[in-house]
Amino acid sequence: MPFYHKLGKIPPKRHTQFRKKDGSLYYEQLFGTIGFDGMSTNSYHEHRPTMVKEIRKQYSVKPKIAKANNIQSYRLRGFQVKPENDYLESRKVVLTNSDCNIILAAPKESTKDYFYKNTDADEVIFIHKGTGKLRTMLGNIDFKYGDYLVIPRGIIYKLDFDDDNNRLFIVESYHPVYTPKRYRNWFGQLLEHSPFCERDLRRPEELETYDELGDFLIKVKKQGEIIEMVYASHPFDVVGYDGYNFPYAFSIHDFEPITGRIHQVDGKKYKIEYIVEDGASDWPTFAEKSKKLIDQDQVPVVFGGWTSASRKAMLPVYESKNAFLYYPIHFYQTQFLHTTSDYILGSSLLASERLTVG
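Everything numeric here is computed off the predicted structure, so don't read it as measured data.

Student: Explanation requested: the packing of aromatic side chains in the structure shown.
Tutor: The geometry of two aromatic rings is summed up by the distance between their centres and the angle between their planes. What the rule picks out here adds up to 17 aromatic pairs. For the ring pair Phe3 and Tyr248, a centre distance of 6.4 Å and an interplane angle of 65° mean the geometry is edge-to-face. Placement of the pair is Phe3 in the segment before β1 (5-8) and Tyr248 in strand β17 (residues 248-251), with a sequence separation of 245 residues. For the ring pair Phe303 and Tyr326, a centre distance of 4.9 Å and an interplane angle of 35° mean the geometry is tilted. Taken together, the residues span a long stretch of sequence, with Phe303 in strand β20 (residues 301-303) and Tyr326 in strand β21 (residues 324-326) at a distance of 23 residues. A connected cluster of aromatic rings, assembled from ring pairs, spans Tyr183, Phe196, Phe250 and Phe255.

Student: What should I look at first to understand the confidence of the model for the protein in this one?
Tutor: Caution applies to low-pLDDT parts of the model: their predicted coordinates are not meant to be read in detail. Summing up the model confidence of the protein, the mean pLDDT is 86 and the portion of residues at 70 or higher is 87%. Taken as a whole, residues 332-358 scores under 50 in pLDDT and shows 57 contacts with residues more than four places along the chain or in a different chain.

Student: Could you clarify how one ought to interpret the sheet that holds strand β5 (residues 92-96) in this entry?
Tutor: Paired through backbone hydrogen bonds, the strands of a sheet run either parallel or antiparallel to each other. Read across the sheet, 6 strands follow the order β5-β6-β13-β8-β11-β17 without closing on themselves; strand pairing throughout is antiparallel. Each edge of the sheet is formed by a strand with only one pairing partner; in this case those strands are β5 and β17. Across the sheet, the mean angle separating the axes of adjacent strands is 20° when strand polarity is ignored. Pairing geometry for strand β11 (residues 147-151) and β17, over 4 bridges, is antiparallel. Looking at β17, one finds that Asp147 is bridged to Ser251.

Student: Looking at this model, I keep getting lost on unusual backbone geometry. Mind explaining?
Tutor: Peptide bonds are trans in most cases, and residues, glycine excluded, mostly fall at negative phi. Phi is positive for His15, close to 60°, though the residue is something other than glycine. With respect to the secondary-structure elements, His15 resides in the loop between β1 and β2 (27-32).

Calculation rules
- Each chain has its residues counted from 1, following the order in which its sequence is written.
- Where totals are concerned, whole chains, interfaces and linings use all residues; where local detail is concerned, this predicted model gives features only for residues with pLDDT of at least 70, and gives and counts side-chain atom pairs only at 80 or more.
- As a rule here, side-chain values come from all non-hydrogen atoms in the structure, and water together with hydrogens is ignored.
- To pair, rings of Phe, Tyr and Trp, with the six-membered ring standing in for Trp, must have centres within 6.5 Å; the planes then decide the type, stacked if under 30 degrees apart, edge-to-face if over 60, and tilted in the middle.
- For helices the rule is a DSSP run of H or I covering at least 4 residues; for strands it is a run of E covering at least 2, with both sets numbered from the N terminus onward.
- pLDDT is a per-residue confidence score from the predictor, ranging from 0 to 100.
- Contact between two residues is taken to exist if any of their heavy atoms lie within 4.5 Å; hydrogens are not considered.
- Strand pairing is defined by DSSP finding a minimum of two bridges between the two strands.
- Simply put, an axis is a line fit to the C-alpha atoms, just over the touching stretch for a helix, and the angle between two N-to-C directions goes from 0 to 180 degrees.

Spelled out as structure tokens, the structure:
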């Protein structure tokens, strides 16, 4: 992520002596993901971060391909993934290719007995259900529903959940995760038309530092295998760091499209309140939630649908109540021509008044 962050104690200059109160040295580590060419962070440790006492089990977690070269459409019932106690064991790869893995997980317990490090891929963890704290060697971040946790490869971390009702959508990306190029200038700053900016990205603000020696189990993912390594010092022994390579969080509720919560019409600003409902991939639920939004919440417009089955379940509700439905998939637009409601071609906005596209 191309913006600077500093946390904890650091010396005035890089690659210089940084001493503790007793005169001994802190250990500097240059931590990056693309050698010396990509973004990196200089961190300062109580102990050498390379002290490995023991290597234990090693086992494969590579996804087993159920059907290769697939072109058939499937409905994946993600919310029916069985909850499991252990975080790593709960992670189920449902889609995979040479660029990324799509993983669903329903962990019931926090990572108590080990730390985790993915050296293969950057991780983006979307919090579908649950609250808690992401604890990393570079600081902690609280999370809740709607948060994306972006964890660069090589970061040692734990996930602490507040209870056992958790649902995660995880992307393992073999390429670094950056903001979209169209939203950045050539310096890396997010542009004015970007639907989010640096203020929306939550950086670590709490740094845990442990000056401890002992046996600390780190489960390292490397080339599709989990390797259990025992470190001689606590992996959270960083006293400070600065740079551009660190975990951060972003809430989907802070994503501001052009027609967002703050939107200008005729030179005036209006605040738009969102009400979010989950159809849970159940088509009758889409219809029931639509009735609630129109009758109970009295919203002026509903955005959603996304699939043919959900659209067909929702459409009679909006026809009978002469209400707005913004259906965001443009290639189904001709299927609305028989309805009693009017529509906008493009991304298919059903409306109670006829509108035209210029």
